[in-house]
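# A closer look at the structure
The lines below spell out each chain.
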Amino acid sequence: MDYETLLTVQGYAKFFLILIVFIVFYSYAYSLYKRNKTGERDFEKYSKLVLDDSIESKPLESRKENSEKKDKES
């Protein structure tokens with residue numbers, strides 16, 4: 001394999017790798033947007049953790065609700 005062919009194969013490999021990474025990250029961002037829009041989860045309350053991370057701050061979600069959901073699924 002000569003040098004130009006190797007560079008061509010390397011260029012195509014980089015292009016397809018970047019394309020796959022772009023598709024994965026875009027689909028993840030869309031899923032976050034969709035879950036936030038439908039009300040399944042509110043991601044804005046998690047952004048407040050950056051500013052309010054003291055030990056005295058109240059929890060974002062109660063554990064009682066999570067355990068009740070698990071009981072209903074069983």
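Cut-offs applied
Residues numbered from 1 in each chain as written. Predicted model: local features only at pLDDT ≥ 70, side-chain atom pairs only at ≥ 80, totals over all residues. Heavy atoms only, no water. pLDDT = per-residue confidence, 0-100. Helix = DSSP H or I, 4+ residues; strand = E, 2+ residues; numbered from the N terminus. Contact = heavy atoms within 4.5 Å. Patch = residues over 30% accessible without salt bridge, like charges linked within 9 Å, V, L, I, M, F, W, Y side chains within 5 Å. Areas by Shrake-Rupley, 256 points an atom, 1.4 Å probe, with all protein chains shown as cover. Salt bridge = Lys/Arg side-chain N within 4 Å of Asp/Glu carboxyl O.

### Re the confidence of the model for the chain
- Put simply, the chain has an average pLDDT of 84, and 85% of its residues get 70 or more.
- Within the chain, no element has a lower average pLDDT than helix H3 (residues 63-73), which sits at 62, and none a higher one than helix H1 (residues 3-38), at 95.

### Concerning the environment of Asn36
- With respect to the element layout, Asn36 can be found in helix H1.
- In this structure, Asn36 is in contact with Arg41, Asp42 and Phe43, ignoring residues within four places of it in sequence.

### A closer look at a nonpolar patch on the surface
- The grouping of Tyr12, Phe15, Phe16, Leu19, Phe22, Ile23, Tyr26, Tyr30 and Tyr33 at the surface amounts to a nonpolar patch, some 1100 Å² of accessible area in total.
- Within the element layout of this structure, Tyr30 appears in helix H1.

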